[in-house]
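Observations on the model geometry
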Amino acid sequence: MKKNYIIPIFVPHLGCKNNCSFCNQKSISGQIKEVTKDDVKEIIEEYLKNFPYEKQDVEVAFFGGSFTGIEKEKQIELLEAVQPYIKSKKISSIRCSTRPDYISRDILKYLKKYHVKTIELGVQSTNDYILAKAKRGHTFQDVKKASKLIRRHRFNLGHQMMVGLPDSTFLDEMNTAKDLSKLKPKIMRIYPVLVIKGTELENQYLSGEYEPLEVNQAVSRCKELCYFFDKKRIKVIRVGLQSTDTISDPNKNESSEIVAGPYHEAFRQLVDTQIFYDKISEKIKGFEVKVKEVEISVNPQDINNVVGYKRENILKIKDMYDVDIKTKQDNKIKEGKIKIDIIKRYTDFLDEE
């Protein structure tokens, strides 16, 4: 089975003529200078040094900004820089992220020519009022039109949404998830809103007009969204912004551009920790006898999430149910699944006393 690798190349704010209230792409991407074809080649070469050559599936991903809004000549320059690696089969395909209103048949035609396989749309919300409030500059109708075009031209469709936008409630975000699922994306990214320096949202926060989510609120909302997308068989490939020199804990890093909001360096693990806590808790409550100790078998990829961030799940299960947990790694168990065996019942424990 081939392992998937991504080579990220950030093109911050290139092509995006819009100024969303929450956005400062230079801060979010940690990238300031314009990317050239030589930069693309250098980045690819550096990443390829660290990838095994057997059983690999490597994809170049143009993130940040709005790729299809860049001048066509610049897009072609960056795409052409990848082509020799595709021809030599060191790179399998390309993905890019863009805005829903920067998609057309002509654009999709040349993206297909240059081996782009996946297109991710920055949707953020499907509520037109919330989109206008955030000054997104597009509507849900644009999202529907672009998504259908992308799928019709046989690209893999991805969506990106946000939680905690101004005036957005959890109900709004669940409605966004339901709306997007009907457009049949293959992948999803979920980003809690952070207040970044130099944005309109920073002014709204400082004036008291906007109140960001707390970490626990954002984790709870994202957990429910992950449950929903999992049921719809839509893979959530990221939850929370990638940590960089500028997107980092403002209490630990003076150069952080974060003013406020639910930032955590292990945000995805916090979400997955809660998801696995729910699974473990449900199984323990389903036992017909009171248990004292259990063994949880899990795929090696999930072991940290079963234990929990800073052993949170081990401690919470002990506190809530007075149950001790042992873990066992088992490659035969699918990722996201668990198997629980009773090691010691409470009556066994009493007999030992």
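Here we summarise the structure given alongside this text. Predicted model, so just to flag it, every value in this text is computed and none were measured.

Bringing the overall build of the protein chain into the picture now. Looking only at helices and strands, one finds 13 helices and 12 strands in the protein chain. A globule of 353 residues ought to have a C-alpha radius of gyration of about 20 Å, and the protein chain, at 22 Å, matches this closely. In terms of overall dimensions, the protein chain has a C-alpha envelope of 80 × 55 × 40 Å along the principal axes. Residues counted as buried form 51% of the 353 residues belonging to the protein chain. Intrachain contacts of the protein chain at a sequence separation of at least 6 include 79% that bridge at least 24 residues. Total accessible area on the protein chain stands at roughly 18,700 Å², and carbon and sulfur atoms take up 46% of it. Each charge sign in the protein chain was given a centre, from 62 positive and 52 negative side chains, and these centres are 8 Å apart.

Moving on, we come to the nonpolar core. In this structure, Phe-62, Ile-91, Leu-111, Ile-119, Ile-190 and Phe-229 are the most contacted members of the largest nonpolar core, which totals 66 residues. Ignoring anything within four residues of it in the chain, the contact list for Phe-229 reads Met-161, Ala-177, Met-188, Ile-190, Ile-234 and Val-236. Phe-276, Val-306, Ile-317 and Tyr-321 belong to the second-largest nonpolar core, a separate cluster that totals 18 residues.

This paragraph deals with the pattern of salt bridges. Following the criterion strictly, the structure yields 20 salt bridges and no others. Between Glu-120 and Arg-95 there is a salt bridge, and its shortest N-O distance comes to 2.8 Å. With a gap of 25 residues between them, Glu-120 in strand β4 (residues 116-124) and Arg-95 in strand β3 (residues 93-98) connect regions that are remote in the sequence. The same class applies to Glu-120 and to Arg-95, which are both buried. Among the ionic pairs, Arg-268 bridges to Asp-272, the shortest N-O distance being 3.2 Å. With Arg-268 and Asp-272 both in helix α10 (residues 267-286) and four residues apart, the pair spans about one turn of that helix. Residue Arg-268 is classed as partly exposed on the basis of its relative accessible area, which comes to 28%. Its relative accessible area of 14% is what places Asp-272 among the buried residues. One network of salt bridges, in which partners are shared, links Glu-59, Arg-95, Glu-120 and Arg-189.

This next bit is on the environment of Val-60. Its place among the elements puts Val-60 in strand β2 (residues 56-63). The spacing of Val-60 and Ala-260 is 200 residues in sequence and 32 Å in space, taken between C-alpha atoms.

This model, assessed by the stated rule, comprises five aromatic pairs. Between the aromatic rings of Tyr-47 and Phe-51, the centroid separation amounts to 6.2 Å while the plane-to-plane angle is 50 degrees, which identifies the pairing as tilted. Using a relative accessible area of 12% as the deciding quantity, one classes Phe-51 as buried. Cluster of aromatic residues (ring-pair linked, three or more members): Tyr-5, Tyr-47 and Phe-51. For Arg-99, the ring lying beneath its charged end belongs to Tyr-102, and the centroid distance is 5.5 Å.

Burial runs high along strand β5 (residues 156-163): seven of the eight residues are buried. The pairing of β5 with strand β6 (residues 187-192) spans six bridges and is parallel. Counted as the bridge partner of Met-161 is Ile-190 from β6. Between the parallel pair β5 and β6, the chain is carried across by helix α7 (residues 170-181), and the sense of this crossover is right-handed.

Let us now look at helix α2 (residues 37-48). The end-to-end C-alpha separation of α2 is 17 Å, in line with the 16 Å expected for 12 residues at 1.5 Å each. Of all the positions in α2, only Asp-39, Val-40, Ile-44 and Leu-48 are classed as buried. Around the axis of α2, the buried residues are gathered within 160 degrees of arc, so they sit on the same side. Counted as exposed and oriented over 90 degrees from the buried face of α2: Asp-38 and Glu-42.

Reading guide: rules and limits
- Residues numbered from 1 in each chain as written.
- Predicted model: local features only at pLDDT ≥ 70, side-chain atom pairs only at ≥ 80, totals over all residues.
- Heavy atoms only, no water.
- Helix = DSSP H or I, 4+ residues; strand = E, 2+ residues; numbered from the N terminus.
- Rg over C-alpha atoms; globule rule 2.2 N^0.38 Å.
- Buried < 20%, exposed > 50% of the residue type's maximum accessible area, 1.4 Å probe, protein only.
- Contact = heavy atoms within 4.5 Å.
- Areas by Shrake-Rupley, 256 points an atom, 1.4 Å probe, with all protein chains shown as cover.
- Lys, Arg positive; Asp, Glu negative; His and termini not counted.
- Charge placed at Lys NZ, Arg CZ, Asp CG, Glu CD.
- Core = buried A, V, L, I, M, F, W, Y, C linked by side-chain atoms within 4.5 Å.
- Salt bridge = Lys/Arg side-chain N within 4 Å of Asp/Glu carboxyl O.
- Phe/Tyr/Trp six-rings, centres within 6.5 Å; stacked < 30°, edge-to-face > 60°.
- Lys NZ or Arg CZ within 6 Å of the ring centre and 35° of its normal.
- Pairing = 2+ DSSP bridges.
- Right-handed = clockwise from strand over helix to strand, strands pointing away.
- Expected span 1.5 Å × (residues − 1).
- Arc of directions from axis to C-beta.

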